[in-house]
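# Working through the structure, step by step
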Amino acid sequence: MWRLRRAAVACEVCQSLVRHSSGIKGSLPLQKVHLISRSIYHSHHPTSKLQRTQFRTSFHQFSSLSNHPLRKLKLSPIKYGYQPRRNFWPARLAARLLKLRYLVLGSAVGGGYTAKKTFDQWKDMIPDLSDYKWIVPDIVWEIDDYIDIEKIIKSLPNSEDLAKLAPDFDKIVESLSLLKDFFTTGSSGETTFRATDHGPESDKHYRKVSDKEKIDQLQEELLHTQLKYQRILERLEKENKELRKLLLQKDDKGIHHRKLKKSLIDMYSEVLDVLSDYDASYNTQDHLPRVVVVGDQSAGKTSVLEMIAQARIFPRGSGEMMTRSPVKVTLSEGPHHVALFKDSSREFDLTKEEDLAALRHEIELRMRKNVKEGCTVSPETISLNVKGPGLQRMVLVDLPGVINTVTSGMAPDTKETIFSMSKAYMQNPNAIILCIQDGSVDAERSIVTDLVSQMDPHGRRTIFVLTKVDLAEKNVASPSRIQQIIEGKLFPMKALGYFAVVTGKGNSSESIEAIREYEEEFFQNSKLLKASMLKAHQVTTRNLSLAVSDCFWKMVRESVEQQADSFKATRFNLETEWKNNYPRLRELDRNELFEKAKNEILDEVISLSQVTPKHWEEILQQSLWERVSTHVIENIYLPAAQTMNSGTFNTTVDIKLKQWTDKQLPNKAVEVAWETLQEEFSRFMTEPKGKEHDDIFDKLKEAVKEESIKRHKWNDFAEDSLRVIQHNALEDRSISDKQQWDAAIYFMEEALQARLKDTENAIENMVGPDWKKRWLYWKNRTQEQCVHNETKSELEKMLKCNEEHPAYLASDEITTVRKNLESRGVEVDPSLIKDTWHQVYRRHFLKTALNHCNLCRRGFYYYQRHFVDSELECNDVVLFWRIQRMLAITANTLRQQLTNTEVRRLEKNVKEVLEDFAEDGEKKVKLLTGKRVQLAEDLKKVREIQEKLDAFIEALHQEK
């Protein structure tokens, strides 16, 4: 309606102009009159037949008030032809001109509102730099005190002077309009310069060629524009990198001192390190995000990771497996490009080739150390932190490459171990899977894509990376195949994003900068990019690292609080269980329990020095005699006692003692001393301490005792000094008083009685039970025992006939005994007769020696007179006195060595063993076991994880 109204008003204005033109000389051309006015002025004009609806095609004047409802206007009937009438056209024209002010006012108000809204949007986009005021020196804020700004402003030219210097835009517009009229003015308003018409066929061909050229030209311009902005972005990133490096460096001038807090990614990495050691029980598993790098062997996983880290940090090999255990790499920003391990303080400068080589060697050594004997790969993680300016903050885990065949030199279960390890990392619902595919080989040979599609079938957390695209473009016959791989149409695997990268020319000595330049140059000239098979944001490792970092932090923000809540619930459950089971015990973890056990063991070692000398000498003398008594009786006393006179007896004894002292006695004495020290040490270690005894330390104490004893060795010079002392003691034959004589007789009687008891037991086992035991205990003799019994009876008859019989049987005597037994129907072997004779004669000799010992009780007087004018000879008593005195002197010497040297050396060995056990986590886990230990260990881990997670979440909120 408002359009009709305006058209009618325009017609009335034109009619009034025509009527008033009668007073003007010359007629007004018809072409200069309004189109509608012409149709009204001449009823036969072609436009007079316009219908009413054609007024809708009139112009729509733009205004911010154009949508306001207009007041209805009653149109007067229009009469065709010229009809002069009275008209107030000045008033109508003034009314129209007055309406212009509303239009101008509305446009000004709308434009001002739009400008204000745009300014507010720009203002919101500007970051808040109030937190970085400390970067600007204080002199900038105090510049008003040194420079008069108002004086400088007054000296500047005003707006009028500047307006005089500006060009005359009206003249410029007028000149442009003249040029436009010159080139565009024609009889029918058409363009003066037109192309020649060559017919419909040629025009169609020209248009087809022209469109193709335009498409190619537009693609070329688009590619150059993308590369241009890529270079601008790289330049800005480089400048940003330098600025961040300057900000992160310490201020050596002392102007601004600010304590730098631990970075956000470092805090997150510490949480992951603690979680890697935590045994996930109570259904609380590690679901925190990390970037898991998986791929086939030699697909370029390590190279992609090195490009993201901007350093060649991993060991390299030609076709062989180099990644033998997972490597967790934490990337963070820092002023210097350095790398360091979690358990080491050494920093490797990644800008120096020597440090890079040392770092690669250290990683290789750690991998080989983690791999156990008989295995090829290990699930133990190596934690590495890489800092540098411009690095994208994230945590990546490089896994061993997936293999299809186990080659020679590998463990048989290598393939299954790698598969299970990869699945364990990828089954984390918040892990980002970085799937690496080698573009230079056939896609059908890939193994990892099937594995990834099983773990993430919908591709919600998978990023696909095609490496070695330069080789793929060169070797693949159809480039569209690469496009199908990048678009995910060739694999059943779905992914969140697809990327194509180039990681070098295959030369291991290439630097990261050279590889990056080669990658950018390749993609700049690549047919894949020119043919729009790849998009600019899908290429280069720089774009890949940005995309992975954004995805990583998005996943972290979405899942970290949920993980923190699950650990809070786990902590509550563990604390409740501890209070119910161990209400009166402190929550000591494995390390704290080890320290407590260590103090107890050291206290028990010190208690060895409190053993009295008398106790040491008694147990040493008794133990040494038990060890050498058999040798003394069998090899020294019995052979010497078979002699006919005292001179031969003493000579035989001296020779035997000398040989014994030179070869066996000192070594036996040291062995006895060392065993005695072990027994005393074990007694103190295993002795219960009453209510304070904690059986949880028993396995640890036993292991420390065994390892300390194994490491302890007696002083080598002890045997030499002991040999001299023992030789001198055995050469002394002078018994000074009756007390020593009686002590020697007592010692001799005990030794002979113990030997006689052993002999009788041996005879009883040989001949079987006697008649009394057979009747009382219903025991019978075996056939062999019956033969031994008959032989013993025959030999005893022989001894009764000759009590001074020598120790050995003659051959004719053996024949006589055998014939006597055969006459009674007993078949015997000569060796059986000899064995039985040995025991029978031994018992006879010991009984005779004991009787002689009783006679010598009163022989001390004859001994002082050297047994002159006496038939009594007690040289055997003197022998036992010499043995007894040697034992006493040896025990005293060993006691001194024990208390002065060996106990201290043992204490030192115990400390070394405890220090070694303290550094061996597996040993502590093996020796300190039980529900109580595991519960305290879990409780400590959960508390530590929760505290670190809370600190990380707080820092994450502050960063927002």
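By the naming in an unreviewed UniProt entry, the chain goes by Dynamin-like GTPase OPA1, mitochondrial and is assigned to Myotis myotis.

Let's shift gears to the overall build of the chain. Of regular secondary structure, the chain possesses 33 helices and nine strands. For the chain, the share of sequence-separated contacts (at least 6 apart) that also reach a separation of at least 24 residues comes to 79%. Accessible area of the chain: about 59,200 Å², with a carbon and sulfur share of 53%.

This part takes up the sheet that holds strand β2 (residues 327-332). Ordered in space as β4-β3-β5-β2-β6-β1-β7-β8-β9, the nine strands form an open sheet in which the pairing is mixed. At either margin of the open sheet sits one strand with a lone partner, and together these are β4 (348-349) and β9 (497-500). The sheet contact formed by β2 and strand β6 (residues 394-398) spans five bridges and is antiparallel. Residue V329 lies in a different strand from β6, and its bridge partner there is L396. With respect to the sheet, helix α10 (residues 301-309) is in contact with β1 (291-295), β2, β5 (382-387), β6, β7 (432-438) and β8 (462-467), its orientation differing from that of β6 by roughly 160°. Together, β2, β3 (338-341), β4 and β5 form the strand contacts of helix α11 (residues 353-370), whose direction differs from that of β5 by roughly 160°.

Our next topic: the state of the cysteines. Tallied over the full model, the rule gives one disulfide. With no disulfide of its own, C853 has C856 as its nearest cysteine by sulfur position, at a separation of 6.7 Å.

Once that is clear, we can look at the environment of A564. Residue placement: A564 occurs in helix α18 (residues 541-581). Linking A564 and L288, residues 276 residues apart in sequence, is a C-alpha distance of 9.7 Å.

Turning our attention to the nonpolar core. In terms of nonpolar packing, the biggest core is built from 101 residues, with W625, Y637, W660, W741, I883 and V910 touching the most fellow members. With 17 residues, helix α31 (residues 875-919) is the single largest residue contributor to this core. For I883, the residues in contact, after removing those within four places along its chain, are W625, V632, L657, W660, L730 and F747. Within the second largest apolar cluster, 67 residues are counted, among which are I313, L359, F567 and W578.

Quick look at the environment of P666 now. With respect to the element layout, P666 can be found in helix α22 (residues 665-686). Among all residues touching P666, those that are not within four sequence positions of it are W660, T661, E719, L722, R723 and Q726.

So, about the packing of aromatic side chains. A full pass over the atoms with the stated rule returns 13 aromatic pairs. Ring centres of F464 and Y498 lie 5.9 Å apart, and the angle between their planes is 55°; this geometry places the pair in the tilted category. Taken together, the residues F464 in strand β8 and Y498 in strand β9 connect sequence positions 34 residues apart. Each of the two residues, F464 as well as Y498, counts as buried.

The next subject is the pattern of salt bridges. If you walk through the whole model with that rule in mind, you get 38 salt bridges. Across the pair K705 and E702 runs a salt bridge, and its minimum N-O distance is 3.1 Å. Taken together, the residues span about one helical turn, with K705 and E702 both in helix α23 (residues 698-711) at a distance of three residues. Exposure remark for K705: the relative accessible area of 12% places this residue in the buried category.

Glancing now at the packing of helix α20 (residues 613-641) against helix α21 (residues 646-663). Between α20 and α21, the least distance of the axes is 8 Å, while the angle of their chain directions is 150°. Comparing the axis directions of α20 and α21 gives the class roughly antiparallel. The way α20 lies across α21 gives a crossing that is right-handed. Within the contact between the two elements, α20 uses V628, H631, V632, N635, I636, A640 and A641 and α21 uses F649, T652, V653, K656, L657 and W660.

Moving on: α31. The end-to-end C-alpha separation of α31 is 62 Å, in line with the 66 Å expected for 45 residues at 1.5 Å each. By the largest-angle criterion, L898 marks the main kink of α31, which is about 45°.

In this section: the packing of α22 against α31. Direction vectors running N to C along α22 and α31 enclose 50°, while the axes themselves pass 9 Å from each other. On the basis of their axis angle, the class for α22 and α31 is oblique. Here the hand of the crossing between α22 and α31 comes out right-handed. Contacts between α22 and α31 involve L665, A669, A673, W674, L677 and F681 from the first element and M886, T890, L894, L898, E902, V903, L906 and V910 from the second.

Right, let's talk about a negative patch on the surface for a bit. A contiguous patch of negative charge, built from E213, D216, E220 and E221, is present on the exposed surface. By secondary structure assignment, the location of E221 is in helix α8 (residues 200-248).

Although it is not a glycine, Q310 adopts a positive phi angle of roughly 60°. Tracing the sequence through the fold places Q310 in the loop between α10 and β2. The exposure class of Q310 is partly exposed, given its relative accessible area of 21%.

Residue placement: E680 occurs in helix α22. Residue contacts for E680: discarding those within four places in its chain leaves L608, H615, W616 and I619.

Side-chain positions along a regular strand alternate between the two faces of the sheet. In β3, alternate side chains face the same way, and those of V338 and L340 on one face and A339 and F341 on the other are all buried. Here four bridges tie β3 to β5, and the two strands are oriented antiparallel to one another. Residue pairing for β5: V338 is matched across the bridge by K387.

This paragraph deals with the side chain of T323. Positionally, T323 belongs in the loop between α10 and β2. Residue T323 is classed as buried on the basis of its relative accessible area, which comes to 10%. The residues touching T323, leaving out its near neighbours within four places in the chain, are T302, M367, D398, L399 and P400.

Here the focus is the confidence of the model for the chain. Per-residue confidence for the chain gives a mean pLDDT of 76; residues scoring 70 or more make up 72%. Across residues 1-86, confidence stays below pLDDT 50; counting only partners more than four residues off in sequence or on other chains, it has 69 contacts. A low-confidence stretch, residues 182-206 stays under pLDDT 50, and its non-local contacts, those more than four residues away or across chains, total five contacts.

What follows covers the environment of L434. Inspection of the secondary structure assignment puts L434 in strand β7. L434 sits in the buried class, given a relative accessible area of 1%. On a C-alpha basis, the gap between L434 and V291 in space is 6.6 Å, while along the polypeptide they are 143 residues apart. The contact partners of L434, leaving out residues within four places of it in the chain, are V291, V292, V293, V294, I463, V465, L544 and V548.

How each quantity is defined
- Residues numbered from 1 in each chain as written.
- Predicted model: local features only at pLDDT ≥ 70, side-chain atom pairs only at ≥ 80, totals over all residues.
- Heavy atoms only, no water.
- Helix = DSSP H or I, 4+ residues; strand = E, 2+ residues; numbered from the N terminus.
- Contact = heavy atoms within 4.5 Å.
- Areas by Shrake-Rupley, 256 points an atom, 1.4 Å probe, with all protein chains shown as cover.
- Pairing = 2+ DSSP bridges.
- Axes fitted to C-alpha atoms, helices over the stretch in contact; angles between N-to-C directions.
- Disulfide = S-S within 2.5 Å.
- Core = buried A, V, L, I, M, F, W, Y, C linked by side-chain atoms within 4.5 Å.
- Buried < 20%, exposed > 50% of the residue type's maximum accessible area, 1.4 Å probe, protein only.
- Phe/Tyr/Trp six-rings, centres within 6.5 Å; stacked < 30°, edge-to-face > 60°.
- Salt bridge = Lys/Arg side-chain N within 4 Å of Asp/Glu carboxyl O.
- Parallel < 35°, antiparallel > 145°, perpendicular 65-115°, else oblique.
- Left-handed = near helix turned anticlockwise from the far one by under 90°.
- Expected span 1.5 Å × (residues − 1).
- Bend = angle between axes of the 7 residues up to and from the residue.
- Patch = residues over 30% accessible without salt bridge, like charges linked within 9 Å, V, L, I, M, F, W, Y side chains within 5 Å.
- Lys, Arg positive; Asp, Glu negative; His and termini not counted.
- Charge placed at Lys NZ, Arg CZ, Asp CG, Glu CD.
- pLDDT = per-residue confidence, 0-100.

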